[in-house]
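If you want the building blocks of each chain, they are given just below.
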Amino acid sequence: MQNLLPYQGAVFYYGKCFERPADILQDLLDHTPWKPDEVIIMGKKILTKRQVAWYGDGPYVYSGVKKDPLSWSPLLLKLKELSEKLTGENYNSCLLNLYADGTESTGWHSDNEKDMQNQGAIASLSFGAERRFLFQHKTTKEKTEILLEEGSLLVMKGETQAFWKHALPPMRRIKTPRVNLTFRTVKTGGGA
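How each quantity is defined
Residues numbered from 1 in each chain as written. Predicted model: local features only at pLDDT ≥ 70, side-chain atom pairs only at ≥ 80, totals over all residues. Heavy atoms only, no water. Patch = residues over 30% accessible without salt bridge, like charges linked within 9 Å, V, L, I, M, F, W, Y side chains within 5 Å. Areas by Shrake-Rupley, 256 points an atom, 1.4 Å probe, with all protein chains shown as cover. Salt bridge = Lys/Arg side-chain N within 4 Å of Asp/Glu carboxyl O. Helix = DSSP H or I, 4+ residues; strand = E, 2+ residues; numbered from the N terminus. Buried < 20%, exposed > 50% of the residue type's maximum accessible area, 1.4 Å probe, protein only. Pairing = 2+ DSSP bridges. Axes fitted to C-alpha atoms, helices over the stretch in contact; angles between N-to-C directions. Contact = heavy atoms within 4.5 Å. 1 Å grid on protein atoms, 1.4 Å probe; cavity = no way out; pocket = protein on both sides within 12 Å on 5 of 7 lines; lining within 4 Å. Points joined across faces, edges and corners; volume = space filled by probe spheres on them. Nonpolar A, V, L, I, M, F, W, Y, C, P; charged D, E, K, R; others polar. Polar contact = N/O pair within 3.5 Å; in protein donor to acceptor, adjacent residues only side chain to side chain.

Draft legend 1. Summary view of a nonpolar patch on the surface. Taken together, the side chains of Ile41, Met42 and Ile46 make up a nonpolar region of the molecular surface, amounting to roughly 350 Å² of accessible area. Mapped onto the fold, Ile41 is located in strand E2 (residues 35–41). Owing to a relative accessible area of 47%, Ile41 belongs among the partly exposed residues under this scheme.

Draft legend 2. Up close: the side chain of Ser83. For Ser83, the location among the structural elements is in helix H2 (residues 74–87). Given a relative accessible area of 0%, Ser83 falls into the buried group.

Draft legend 3. Main features of the sheet that holds strand E6 (residues 93–99). Ordered by their spatial adjacency, seven strands build an open sheet running E1-E11-E8-E13-E6-E3-E2, and the pairing between neighbours is antiparallel. Edge strands, defined here as strands with exactly one partner in the open sheet, are strand E1 (10–16) and E2. Here the average twist between neighbouring strands, direction ignored, is 30 degrees. Where E2 lies against strand E3 (residues 44–56), six bridges are found, and the strand directions are antiparallel. If you follow Ile41 over to E3, its bridge partner there is Lys44. Packing against the sheet, helix H1 (residues 21–31) makes contact with E6, strand E8 (122–128) and strand E13 (178–184), and its axis sits at approximately 95 degrees to E8. The sheet strands contacting H2 are E1, E3, E6, E8, strand E11 (152–157) and E13, and the helix crosses E13 at an angle near 60 degrees.

Draft legend 4. How the structure looks around the layout of surface pockets. Volume-wise, the largest pocket comes out at about 410 Å³. Together, 26 residues line the largest pocket, and Arg50, Asn97, Thr106, His109 and Asp111 are the ones closest to its centre. Elements represented by at least two residues in the lining of the largest pocket include exactly E2, strand E4 (60–62), E6, strand E7 (106–109), strand E12 (164–168) and E13. Split by residue class, the lining of the largest pocket holds nine nonpolar, eleven polar and six charged. Size it by volume and the second largest pocket reaches roughly 250 Å³.

Draft legend 5. Examining unusual backbone geometry more closely. Positive phi values are uncommon outside glycine, yet Gln119 reaches one of about 60 degrees. As for its placement among the helices and strands, Gln119 is situated in the loop between E7 and E8. Positive phi outside glycine occurs at Lys141, with the angle close to 70 degrees. Along the chain, the position of Lys141 falls in the loop between strand E9 (131–137) and strand E10 (143–148).

Draft legend 6. Representation of the environment of Arg132. Note that Arg132 resides in strand E9. The sequence separation of Arg132 and Ala167 amounts to 35 residues, and the corresponding C-alpha distance is 8.7 Å. Apart from the residues within four sequence positions on either side, Arg132 is in contact with Glu145, Ile146, Leu147, Ala167, Leu168, Pro169 and Met171. A distance of 2.8 Å separates a polar atom in the side chain of Arg132 from a polar atom in the side chain of Glu145.

Just distances and angles here, no functional claims.
This is the structure:
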């Protein structure tokens, strides 16, 4: 499998890996206790339009806000197990993101919070609308782009978060939802 990044990081795209992705999407939409994401920007707590849910073995802090985990659902445990089998990695947490349509996006960022395993893998699963996903090197500004298909798996690991940012840009023509699951490893006892 070819690394999508030219240097200082490792990103691998597995393509479509999950059977019946439309059924998985509907289950996630129907049974996840979605709520707007909370972030702290310039000292102020902001609620985002994008909705999220945090599952895992312990709490997690990102964007200055502590997330207490929900208990794993049978579906998430199955997806976690399949992701671990495909990637050869282990995960103890999952952040779910709901993008209602193509107007909802995320700007440039790295998933490099102090509670995450150093150079740990992040398995990103996509269900629903296909969306563009971008990488930009923090120093050289070189960019790489991929289209994330429904039912696909992408893995970021190694030095990726240290040297690259990633973003999900708006695609206003998209009128259907996308749910993204990011399985990750948070250090034992993580949290504020």
